[in-house]
Amino acid sequence: MEASGVGRRALWAWASLVALSFAAGAVLHGLGMLTIDHLPPLHGHFRVPGPGLLPAAAFGAAAALTLPRLAARLRFGPAMLAAYGTAVAWTVLLAVSGDGLAAPFTHPQEYLAVLPQVGHDPLGWLASFSERLPAYPTHVRGHPPLPVLVVWALAAIGLPGPLWAAWLVVLAGCSATVAIALTLRELSGEGTARRALPYLALIPASVWIATSMDALFAGVGAWGVALLMLGGSGRGSRTRGLAFGVGAGLLLGALPYLSYGMAPFLLIPVALAAAVRLRRSTAAAALAGAAAVTIAFAAAGFLWPAGVLATHAEWAADPGAARPYLYFLVGGLGVLALLTGPAAARGLAEPMPRGMRLAAGAALVAVLTLDLTGVTRGEVERIWMPYALWIGLPASLPPGRRWLVAQVVTGLALQGLVISPW
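Residues numbered from 1 in each chain as written. Predicted model: local features only at pLDDT ≥ 70, side-chain atom pairs only at ≥ 80, totals over all residues. Heavy atoms only, no water.

Student: Can you break down the nonpolar core residue by residue, with the values?
Tutor: In this structure, Trp 125, Phe 265, Trp 384, Trp 390 and Leu 393 are the most contacted members of the largest nonpolar core, which totals 130 residues. No other element matches the 12 residues that helix H12 (residues 214-232) contributes to this core. Setting aside anything within four residues of it in sequence, one finds Trp 390 in contact with Ile 180, Thr 183, Ala 222, Val 225, Phe 265, Ile 268, Ala 359, Ala 360 and Ala 363. (Core = buried A, V, L, I, M, F, W, Y, C linked by side-chain atoms within 4.5 Å. Buried < 20%, exposed > 50% of the residue type's maximum accessible area, 1.4 Å probe, protein only. Helix = DSSP H or I, 4+ residues; strand = E, 2+ residues; numbered from the N terminus. Contact = heavy atoms within 4.5 Å.)

Below is the structure:
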């Protein structure tokens with residue numbers, strides 16, 4: 001009864017935070033203090049759900065019924081594949097119920113819009129990135145140069161345009177389901193990882209996986225952590241540990257060059273590495289991999305601190321900088337509550353495996369750090385996404401399948417009621 005009482009209080013706190021965020025946002029919008037946000041704390045518009053959502057609703061219901069059974073009974077590899085396939089199908093069905101899978105990447109403020117300026121000289125473009133930043137579209141001005149180079153590389157290998165970019169984002173973002181499950185298995189055992197698979201695949205944050213490059217950032221970060229844990233666990237050869245360590249370092253080292261908001265994400269691998277007493281050779285290899293990324297960008301003419309300063313100057317001149325700090329300090333956490341869903345709040349009342357507690361706790365500290373700085377002031381439904389996948393892990397702890405259904409319903413409500421500009 002005590003755990004049940006704590007769980008009810010956690011759910012009330014979750015619902016109250018969400019309700020307060022929308023109520024205060026509506027008042028501020030009505031007073032003209034939030035002119036660029038029409039459904040605060042979300043950066044979107046309200047809409048009435050249409051029949052296009054029915055396929056996603058049918059799939060979500062079927063997945064909530066069958067995926068837990070598959071995750072429990074299949075061998076671990078096939079179980080992860082089943083969860084990954086479910087995550088991809090769920091994400092795509094949500095996206096096509098709106099404006100379509102590729103629509104967000106056709107926006108003139110997106111990364112693809114700057115490709116003509118990159119042309120056939122990506123290194124020359126990179127060297128002048130910070131100096132020419134004011135001339136670029138909004139999303140490019142708000143990020144380091146690596147996202148543009150990713151979509152440029154897609155085009156260079158014969159996969160140009162918004163649809164291929166969308167598929168890259170979906171496939172990479174949904175793969176975080178597998179990467180986080182592998183990490184959980186290393187930290188807390190296979191049983192914990194199996195229970196988490198359905199909740200990772202059907203997390204409400206899936207609504208924004210198909211709309212933003214931040215899903216790619218989530219996948220890169222999750223695989224960086226997974227490789228670090230797999231290589232440093234003490235199992236397997238030293239050569240394997242070194243190879244995985246270098247791979248982890250390259251992925252984690254790339255994060256600050258994908259998004260300035262991903263720098264605090266590095267708290268997750270640091271916290272987990274300290275907890276599991278990572279192999280020294282694997283840790284050294286990871287540091288070398290991360291250093292190689294920084295050296296490569298510096299040699300090409302892009303210095304990360306200069307990029308931060310240039311982006312901060314652009315942000316300070318943007319209308320988003322005028323958003324009320326105190327409102328988004330709370331409203332941003334309301335968005336996090338929606339991304340992770342009610343099951344995550346209820347899971348806080350359950351005994352949490354140490355590895356899960358460390359991973360979710362480090363991700364939450366990273367989000368709070370970003371939130372307190374005030375730089376992430378609004379539009380955090382995409383910025384929080386890489387962190388929400390880890391913070392939402394306790395969703396798998398409450399007993400009963402109804403909590404997975406609650407996650408699906410939350411995702412459907414967000415997709416059906418909100419039009420996002422990306």
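Student: Can you explain empty space enclosed by the protein? Please cite residues and give values.
Tutor: Inspection of the entire model under this criterion finds two cavities of 30 Å³ or more. A volume near 50 Å³ is recorded for the largest cavity. Considering the residues around the largest cavity, the lining is formed by Ala 87, Thr 91, Gly 173, Cys 174, Ala 176, Thr 177, Leu 200, Ala 201, Ser 206, Ile 209 and Leu 389. Counted by class, the lining of the largest cavity contains seven nonpolar, four polar and no charged residues. (1 Å grid on protein atoms, 1.4 Å probe; cavity = no way out; pocket = protein on both sides within 12 Å on 5 of 7 lines; lining within 4 Å. Points joined across faces, edges and corners; volume = space filled by probe spheres on them. Nonpolar A, V, L, I, M, F, W, Y, C, P; charged D, E, K, R; others polar.)

Student: If you had to explain the packing of aromatic side chains to someone new, which residues and values would you point to?
Tutor: The geometry of two aromatic rings is summed up by the distance between their centres and the angle between their planes. Under the criterion given, the structure shown has 11 aromatic pairs. With 5.9 Å between their ring centres and 25 degrees between their planes, Phe 129 and Tyr 136 make a pair best called stacked. For Phe 129, a relative accessible area of 1% puts it in the buried group. Owing to a relative accessible area of 3%, Tyr 136 belongs among the buried residues under this scheme. Between Tyr 327 and Phe 328, the aromatic rings sit 4.9 Å apart at their centres with planes inclined by 75 degrees, giving edge-to-face as the arrangement. Residue class for Tyr 327 comes out buried when judged on its relative accessible area of 8%. Grouped by ring-pair contacts, the aromatic residues Trp 125, Phe 129, Tyr 136, Tyr 257, Phe 297 and Phe 302 constitute a single cluster. (Phe/Tyr/Trp six-rings, centres within 6.5 Å; stacked < 30°, edge-to-face > 60°.)

Student: Let's hear about the environment of Pro 122: which residues, and what values?
Tutor: In this structure, Pro 122 sits in helix H5 (residues 122-127). Between the C-alpha atoms of Pro 122 and Leu 149, which are 27 residues apart in sequence, the distance is 7.2 Å. Those residues in contact with Pro 122, other than ones at most four positions away along the chain, are Leu 149 and Trp 152.

Note that all results are geometric; they support no functional claim without further evidence.
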